[in-house]
Each structure stands twice: as structure tokens, then as C-alpha cells.
Amino acid sequence: MSGADIAGLIAAGVFAVLVALLALPILKLGKVFDELTLTIRSLNNETTPLIGEVTKTVASTNAQLDKVDSITSNVSDASANVSALSSLVTSTVGQPLIKVASFSHGLRKAVKGDGPASQPRHPEAE
């Protein structure tokens, strides 16, 4: 055995140790990928029913919002009707009531003599 053969054996031994040292992290990385695959599979199995429940919830919420929209529309119509009724009552009852109050006030002033015709005129004012 010559010196080149011994150097070749040492180099081969060092290379074998290096491969063994690098194989350990590669094996651990393989286990990490296996766990990651299991986690993704589990997540996928749990997500599918969750998406179904979310879809049902969104559909139920949309149905409730349609009902609220209908209620809001009815309240808006009722509010417009109350406003129209208020205007009708004001014009029907309010205007004659104001006229009666004005007439009674004028009649009271005329009877008491507090009107402008009963006050004496001042000659300086003319």
C-alpha cells in the first residue's frame, strides 16, 4: 500500500463521515415534510365543513337582511303616510281654527274698544 492509496482511503473515510453528517439533517427534513403533509391534510379536512357552515351562515344573514329591508321599506311608507295625514289634519283643522281665533280676537278688541278706531288721534302726529 502506497501513500496515494492511504490518502485515497482517508479521503474516502472523510467523505463517508461527511455524507453521514449531511444525511441526518436530510432525514429530519423529510420528517418535517411528513408532518407538514399531515397538518395540511388535517387542516383541509377541518376547513371543508367550516366553509359549509360559513356558507349557511351567510345565506341566513342575507335572508335576515332581506327581511330587514322589507321592514325598513314598510316603515318608510308608514312614515310618508303619517306625514301626509299630519299635513291633511293641519290644513283641515288648523286653518279654520286660526281663522276662528283671529275672529274672536278681533271681536274681543271691538267689544272692549281697544281697536285703532277707538284711540284718540293726536294732532301732532299728522
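Above this text sits the structure in question.
Here the structure is a predicted model, which is why all the values come from computation and not from measurement. (Residues numbered from 1 in each chain as written. Predicted model: local features only at pLDDT ≥ 70, side-chain atom pairs only at ≥ 80, totals over all residues. Heavy atoms only, no water.)

1. Description of the overall build of the protein chain
Helix and strand counts for the protein chain stand at 1 helix and 0 strands. In the protein chain, which comprises 126 residues, the proportion classed as buried is 1%. Accessible surface, the protein chain as shown: approximately 11,100 Å² in total, 68% of it carbon and sulfur. (Helix = DSSP H or I, 4+ residues; strand = E, 2+ residues; numbered from the N terminus. Buried < 20%, exposed > 50% of the residue type's maximum accessible area, 1.4 Å probe, protein only. Areas by Shrake-Rupley, 256 points an atom, 1.4 Å probe, with all protein chains shown as cover.)

2. Quick notes on a nonpolar patch on the surface
Among the surface-exposed residues, M1, I6, L9, I10 and V14 lie close enough to one another that they form a single nonpolar patch of about 550 Å² accessible area. Examined against the element boundaries, V14 turns out to sit in helix 1 (residues 3-112). Relative accessible area serves as the criterion here: at 53%, V14 is assigned to the exposed category. (Patch = residues over 30% accessible without salt bridge, like charges linked within 9 Å, V, L, I, M, F, W, Y side chains within 5 Å. Salt bridge = Lys/Arg side-chain N within 4 Å of Asp/Glu carboxyl O.)

3. Quick notes on helix 1
Along helix 1, the largest kink reaches about 30° and is centred on G94; proline P96 follows within four residues of it. G113 occupies a position one or two residues after helix 1 and carries a positive phi of about 85°. (Bend = angle between axes of the 7 residues up to and from the residue.)

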